[in-house]
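In case you want the letters, here they are:
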Amino acid sequence: MDKKAFLKAGHPPTLLAAFLYFDLAFMVWVILGPLGVQIAADLGLDHAQKGLMVALPVLAGAILRLFMGVLVDHLKPKTAGAIGQVIVIAALFVAWQFGIHSFEQTLVLGVFLGVAGASFAVALPLASRWYPPEHQGTALGIAGAGNSGTAIAALVAPGLAIAYGWTNVFGLALVPLVLVFVFYLVVAKDAPECPPAKRVAEYFRVLKDKDAWWFMFFYAVTFGGFVGLASSLTIYFNTQYGLDAKMAGYFTAACVFAGSMVRPIGGMVADRIGGIKSLSVMYVLAALFLGIVSVGLPAAWMALAVFVAAMLALGMGNGAVFQLVPQRFRKEIGVMTGLVGMAGGVGGFYLASSLGYAKQATGSYQSGFLIFAALALAALVGLTAVKTRWRTTWGAAHLTSAKI
């Protein structure tokens, strides 16, 4: 890739602002996962409750992404993002000042943290609209690398909870959130080519296009696998291998960091060889590694190695999906980002909650992992079924400069 051409093609300050906003939003979106060991101990939660506690913010974020996508196209991305950041900052302030004292209150907080998860529907259009088709995979990969915020949460939150108490972690999180909010307000700019706002009913016309449903399914597997594991692994390593909260957080951070850092690489690889080809390989690898880890490996370090490999595949798959989406739905990128992101969150909610319920019902996480591995293979079958049509219609060489 020509770096000079990429830098000249768009607006790097906005791309940086989108990345930082996305990064910090994802950090707090999944924060109940890294804090889950301490919260569960204090509130006396069972396996199913722990699974639901870490999964609900993912589901709330999934649903709210749809509404945020509509808001993006009506108010433009910068304003929509500012509103979301204010809501999240206020919710964390209330949780810090008044505390969380019951399972039900963790669920209420989880719904508000879902607004942070909806940042996906803002950060990606904010960056995407500045860049031409041949740089979409790279630009969205960089903005989407904000997934790394989940690694920051896993790395830092358990240790801070031990030192200061888990309630105070919500207050400490406000410091970077407020700093990034100010930077965002000063630096981020909406692209000059923002599509005009449509009536709400028009947004849902895209659902009549079967390609929209395919993209939603494909992302439900790649991003759903990523965020579902990011939310669940601290509790998994603690329960399965007896690691303390801090060490379980370090293990989780390694997995999440791997998956988030390769998202831009996934976008660049998709730009170079085509999103369909790269995504197909990632589905095979993800299914393989999830199948391996489902057997309950005898040592924590073995599970760590396999989870890292799985997250690498899922992270690169995330980048590949969003190399393809803007090519097919450039004019509807705001609402499609919301819809596809919503589907990704639903996939994450399913994985995180199913792992908890599987452990509660069978005493093992195996069925949860195996069913999700089967979904990855189903996505591969679906992608194989549509690839010829895509490459001969909207992805044909004479219609786009991007590789499909």
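Residues numbered from 1 in each chain as written. Predicted model: local features only at pLDDT ≥ 70, side-chain atom pairs only at ≥ 80, totals over all residues. Heavy atoms only, no water.

**Here's the deal with the pattern of salt bridges**
Part 1: On inspection of all chains with the given rule, the structure shows three salt bridges.
Part 2: Between Asp209 and Arg328 there is a salt bridge, and its shortest N-O distance comes to 2.3 Å. Note that Asp209 is positioned in the loop between helix H11 (200–203) and helix H12 (210–241) and Arg328 in helix H16 (residues 300–328), a separation of 119 residues in sequence.
Part 3: Residues joined by salt bridges that share partners form a network here, namely Asp209, Asp211, Arg328 and Arg389. (Salt bridge = Lys/Arg side-chain N within 4 Å of Asp/Glu carboxyl O. Helix = DSSP H or I, 4+ residues; strand = E, 2+ residues; numbered from the N terminus.)

**Things to note about a positive patch on the surface**
Part 1: On the surface, Arg272, Lys277, Arg391 and Lys403 cluster together into a positively charged patch.
Part 2: With respect to the helices, strands and loops of the structure, Arg391 is situated in helix H18 (residues 366–392).
Part 3: Look at Arg391 and you get partly exposed, because its relative accessible area is 34%. (Patch = residues over 30% accessible without salt bridge, like charges linked within 9 Å, V, L, I, M, F, W, Y side chains within 5 Å. Areas by Shrake-Rupley, 256 points an atom, 1.4 Å probe, with all protein chains shown as cover. Lys, Arg positive; Asp, Glu negative; His and termini not counted. Charge placed at Lys NZ, Arg CZ, Asp CG, Glu CD. Buried < 20%, exposed > 50% of the residue type's maximum accessible area, 1.4 Å probe, protein only.)

**A look at the packing of aromatic side chains**
Part 1: Taken as a whole and judged by the stated rule, the model has 25 aromatic pairs.
Part 2: For the ring pair Phe93 and Trp96, a centre distance of 5.9 Å and an interplane angle of 75 degrees mean the geometry is edge-to-face. Of this pair, Phe93 and Trp96 both sit in helix H5 (residues 77–98), separated by three residues, roughly a single helical turn.
Part 3: With a centroid separation of 5.7 Å and an interplanar angle of 85 degrees, the aromatic rings of Tyr236 and Phe369 are classed as edge-to-face. Taken together, the residues span a long stretch of sequence, with Tyr236 in helix H12 and Phe369 in helix H18 at a distance of 133 residues. In this structure, Tyr236 and Phe369 share a single accessibility class: buried.
Part 4: Feature note: the residues Phe22, Phe26, Trp29, Tyr219, Phe223, Phe226 and Phe322 constitute an aromatic cluster, connected by ring pairs. (Phe/Tyr/Trp six-rings, centres within 6.5 Å; stacked < 30°, edge-to-face > 60°.)

**Topic: a nonpolar patch on the surface**
Part 1: Nonpolar side chains collect at one region of the surface, where Leu75, Ile83, Ile87, Val108, Val111 and Phe112 lie side by side and expose about 470 Å² of accessible area between them.
Part 2: Listed by contribution, the elements that provide at least two residues to the nonpolar patch are H5 and helix H6 (103–117).
Part 3: In terms of residues, the nonpolar patch owes the most to one element, H6, which gives three residues.
Part 4: Within the secondary structure layout, Ile83 lies in helix H5.

**Considering the packing of helix H8 (residues 136–144) against helix H14 (residues 263–273)**
Part 1: Running from N to C, H8 and H14 cross one another at 170 degrees; their axes reach a closest spacing of 7 Å. Overall, the two elements H8 and H14 adopt an arrangement that is roughly antiparallel. Contact residues: H8 offers Gly137, Thr138, Leu140, Gly141, Ile142 and Gly144, while H14 offers Arg263, Pro264, Gly267, Met268 and Asp271.
Part 2: Looking at the contact of H8 with H14, its residues break down into four nonpolar, five polar and two charged. (Axes fitted to C-alpha atoms, helices over the stretch in contact; angles between N-to-C directions. Parallel < 35°, antiparallel > 145°, perpendicular 65-115°, else oblique. Contact = heavy atoms within 4.5 Å. Nonpolar A, V, L, I, M, F, W, Y, C, P; charged D, E, K, R; others polar.)

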